[in-house]
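Residue-level structural notes
Next come the chains, spelled out residue by residue.
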Amino acid sequence: MPGKKSRARELPSAQWVLLAPESVVDTPEKINSGPVFTRLRNPKTANGALYLFSSDCKHVYEVKAFDEDHHSWFIGQSVQRDGRLMFVTPLDPLFLVLPYLINASEKQGKFEPADQVIKDEDFPECANVLKCSRTLQSLHCITDEKEMGDRKFYKYNREKTLVWLKKKAEQTVKALKGAGVSVGGGVQSSVLVRSKQVAEATEEEYLRYAHGLLSEYIPMGLSEELFKFLELPVISASTASSEPPSKVAFQRRTRKKTSVQR
């Protein structure tokens, strides 16, 4: 029998407290509606997750929740029982279309129009991802393209995708360094922290951490391919404590696979 807290979470919430940049709520003059929350397929787990489209569907945002026990909000004269703090961050739409392209390549292996690949009976709103300004402009980064008449056809390209993800990893490393984030073995918390007392992390440690962060947005199989493409060595359990949780799980799986192959 579920407890009081679990029952409360199951009840629909009339409103949330949301932390978002102004660009999310800015509504163009020609648009009659505001931003839209919708459920899409999570590219890592394939389960439903909450996302936010801007008013014109040109941008998509990831929605996360910070949750604490026994927390609520006072809004005006009312009490909001759902005490979660929702916050949104911009998301590259290519992460959302990648699983569909990979699946189509494995099943069909042929060039197809984007709207025939990016479709999902369980999550029909996924078609809106193609309306994002960066989607069609950037599909060449992860696919081969063919043009027939006024239509373009696409097929997943593994090599291009790995090169694209490597650039993402390098950009992440640059951002981590610029923000002074400690990711080396001296970090005792799984939460990113700033510390001048921690020894400077190596380039490998930064790249390893970046891989772990990117692995939250791609299927496990692609994460494994990226790990090899980045030429990262498998680390021992004693040093894995400083890695992102998803990375640690992958490292353990890799070690098990290696021992089986031997």
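**As for the nonpolar core**
- Within the largest apolar cluster, 47 residues are counted, with the highest numbers of intra-cluster contacts made by Val-97, Leu-98, Leu-139, Ile-142 and Leu-222.
- Top contributing element to this core by residue count: helix α3 (residues 94-107), with 9 residues.
- Non-local contacts of Val-97, meaning those with residues more than four positions away in its chain, are made with Ile-118, Val-129, Thr-135, Leu-139 and Ile-142.
- Listed in part, the 6 residues of the second largest apolar core include Leu-50, Tyr-61, Val-63 and Met-86.

**Topic: the packing of aromatic side chains**
- Evaluated as defined, the whole model comprises 2 aromatic pairs.
- Ring centres 5.2 Å apart and planes at 50° place the aromatic pair Phe-95 and Trp-164 in the tilted group. Taken together, the residues Phe-95 in helix α3 and Trp-164 in helix α6 (residues 158-178) connect sequence positions 69 residues apart.
- For Trp-164, a relative accessible area of 10% gives the class buried.
- By relative accessible area, Phe-95 is classed as buried at 6%.
- Ring pairing ties together the aromatic residues Phe-95, Trp-164 and Tyr-217, which thus form one cluster.

**Quick notes on the pattern of salt bridges**
- All chains considered together, the criterion is met by 12 salt bridges.
- Measuring nitrogen to oxygen at the nearest pair gives 3.4 Å for the salt bridge that ties Glu-216 to Lys-44. Taken as a pair, Glu-216 in the loop between α7 (203-214) and α8 (220-229) and Lys-44 in the loop between β2 (36-41) and β3 (48-53) lie far apart in primary sequence, 172 residues in all.
- Judged by relative accessible area, Glu-216 falls into the partly exposed class, the value being 34%.
- Here Arg-158 ties to Glu-225 by a salt bridge, and the two come within 3.4 Å at their closest N and O atoms. Here the residue Arg-158 occupies a position in helix α6, and Glu-225 occupies one in helix α8, the gap between them amounting to 67 residues.
- On the accessibility criterion, Arg-158 (36% relative accessible area) is partly exposed.
- Three or more residues are tied together by salt bridges with common partners; here these are Arg-41, Asp-120 and Asp-122.

**Examining the packing of α6 against α7**
- At their nearest, the axes of α6 and α7 sit 9 Å apart, and the two run at 115° to each other. Every pair of crossing elements has a handedness; the one defined by α6 and α7 is right-handed. Together, Leu-165, Lys-168, Ala-169, Thr-172, Val-173, Leu-176 and Lys-177 of α6 and Glu-203, Tyr-206, Leu-207, Ala-210, Leu-213 and Leu-214 of α7 make up the contact between the two elements.
- By residue class, the composition of the contact of α6 with α7 is 9 nonpolar, 1 polar and 3 charged.

**A short note on the packing of α6 against α8**
- α8 packs onto α6 with a crossing angle of 70° between their chain directions and a minimal axis gap of 10 Å. Classified by the interaxial angle, the pair formed by α6 and α8 is roughly perpendicular. Judged by the twist between their axes, the crossing of α6 over α8 is right-handed. Contacts between α6 and α8 involve Arg-158, Thr-161, Leu-162, Val-163, Leu-165 and Lys-166 from the first element and Leu-222, Glu-225, Leu-226 and Phe-229 from the second.
- Counted by class, the contact of α6 with α8 contains 6 nonpolar, 1 polar and 3 charged residues.

Here is what the cut-offs are and how they apply
Residues numbered from 1 in each chain as written. Predicted model: local features only at pLDDT ≥ 70, side-chain atom pairs only at ≥ 80, totals over all residues. Heavy atoms only, no water. Core = buried A, V, L, I, M, F, W, Y, C linked by side-chain atoms within 4.5 Å. Buried < 20%, exposed > 50% of the residue type's maximum accessible area, 1.4 Å probe, protein only. Helix = DSSP H or I, 4+ residues; strand = E, 2+ residues; numbered from the N terminus. Contact = heavy atoms within 4.5 Å. Phe/Tyr/Trp six-rings, centres within 6.5 Å; stacked < 30°, edge-to-face > 60°. Salt bridge = Lys/Arg side-chain N within 4 Å of Asp/Glu carboxyl O. Axes fitted to C-alpha atoms, helices over the stretch in contact; angles between N-to-C directions. Left-handed = near helix turned anticlockwise from the far one by under 90°. Nonpolar A, V, L, I, M, F, W, Y, C, P; charged D, E, K, R; others polar. Parallel < 35°, antiparallel > 145°, perpendicular 65-115°, else oblique.

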